[in-house]
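Analysis of the macromolecular model
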Amino acid sequence: MTAKAIHSCIRVLEEARSVAFYQAAFGLDVAEKLDFPEFALIYLSNPESAFELELTVNKSTTEPYDLGNGYGHFAVSVKDLDEEHARMEAAGLNPGKIVDFAPAGTRVAKFFFITDPDGYKIEVIERGGRFL
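Anyway, here's the lowdown on the structure attached to this text. (Residues numbered from 1 in each chain as written. Predicted model: local features only at pLDDT ≥ 70, side-chain atom pairs only at ≥ 80, totals over all residues. Heavy atoms only, no water.)

1. Observations regarding the layout of surface pockets
Estimated volume of the largest pocket: approximately 630 Å³. Lining the largest pocket we find 25 residues, and of these N46, E48, V76, S77 and R127 sit closest to its centre. Every element with two or more residues in the lining of the largest pocket is listed here: α1 (15-26), β3 (39-46), β4 (49-58), β5 (74-78) and α2 (81-90). The element contributing the most residues to the lining of the largest pocket is β5, with 5 residues. A per-class count over the lining of the largest pocket returns 12 nonpolar, 5 polar and 8 charged. Together, 14 residues line the second largest pocket, and Y71, G72, H73, Y120 and K121 are the ones closest to its centre. Where the lining of the second largest pocket is concerned, the elements lending two or more residues are β1 (7-11) and β8 (121-126). In terms of residue class, the lining of the second largest pocket is made up of 7 nonpolar, 6 polar and 1 charged. (1 Å grid on protein atoms, 1.4 Å probe; cavity = no way out; pocket = protein on both sides within 12 Å on 5 of 7 lines; lining within 4 Å. Points joined across faces, edges and corners; volume = space filled by probe spheres on them. Helix = DSSP H or I, 4+ residues; strand = E, 2+ residues; numbered from the N terminus. Nonpolar A, V, L, I, M, F, W, Y, C, P; charged D, E, K, R; others polar.)

2. Digging into the side chain of N58
The residue N58 is located in strand β4 in this model. Judged by its relative accessible area of 16%, N58 is buried. Once residues lying within four places of it in the same chain are set aside, the contact partners of N58 are R11, E38, F39 and Y65. (Buried < 20%, exposed > 50% of the residue type's maximum accessible area, 1.4 Å probe, protein only. Contact = heavy atoms within 4.5 Å.)

3. Topic: the pairing of strand β2 (residues 29-35)
Across 6 bridges, the pairing between β2 and β3 is antiparallel. From the neighbouring strand, E32 faces β3, where its bridge partner is Y43. In this antiparallel pair of consecutive strands, β2 and β3, the connection spans 3 residues. (Pairing = 2+ DSSP bridges.)

4. Here's the deal with unusual backbone geometry
Even without being glycine, N94 reaches a positive phi, approximately 55 degrees. With respect to the helices and strands, the residue N94 is situated in the loop between α2 and β6 (99-101). Its relative accessible area of 65% is what places N94 among the exposed residues. We note that A104 has phi near 60 degrees; this positive angle belongs to a residue other than glycine. The topology assignment puts A104 in the loop between β6 and β7 (109-115). Given a relative accessible area of 88%, A104 falls into the exposed group.

5. Concerning the nonpolar core
Ranked by size, the top nonpolar core spans 24 residues in total, and within it Y22, F26, L55 and V124 carry the most contacts. Put simply, the parts of the chain that give this core at least two residues each are α1, β3, β4, β5, α2, β7 and β8. Looking at this core element by element, the count peaks at 5 residues for α1. Apart from residues lying up to four places away in sequence, F26 is in contact with F21, N46, V76, R87, M88, I114, I122 and V124. (Core = buried A, V, L, I, M, F, W, Y, C linked by side-chain atoms within 4.5 Å.)

6. Considering the packing of α1 against α2
Closest axis-to-axis distance for the α1/α2 pair is 9 Å, and the angle between their directions is 140 degrees. Put simply, α1 runs oblique to α2. Here A24, A25 and F26 of α1 lie close against α2, whose contacting residues are E84, R87 and M88. Taken together, the residues that form the contact of α1 with α2 break down as 4 nonpolar, no polar and 2 charged. (Axes fitted to C-alpha atoms, helices over the stretch in contact; angles between N-to-C directions. Parallel < 35°, antiparallel > 145°, perpendicular 65-115°, else oblique.)

Structure (structure tokens):
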């Protein structure tokens with residue numbers, strides 16, 4: 001048996017704010033929205049990949065989610081990291097500093113993190129090596 005990754009889910013407080021962030025930061029658009037009385041599921045995607053980000057909005061939740069102290073994150077790859085960092089900075093999205101991770105002189109990855117409106121960390125990695 002082989003498994004195919006299809007989506008990852010995060011819980012968000014405000015649908016419009018989160019959809020706007022993921023559209024501005026990563027070009028993710030709403031592929032489908034399933035609206036139920038107590039919650040909504042919003043699936044975001046773009047032409048780069050069939051993988052989707054599922055935003056879950058629990059309609060009775062009014063306080064931010066406790067994200068805990070784990071180090072989970074969502075990651076995307078981009079062709080030109082410096083260009084994407086500058087674009088996000090110009091859009092007021094406050095990307096973190098660019099890290100050129102090269103222990104022992106060999107680059108493993110070049111990346112930065114950005115935080116969404118609910119506090120989730122997204123790693124933006126330059127394409128290359130295993131990060132295509």
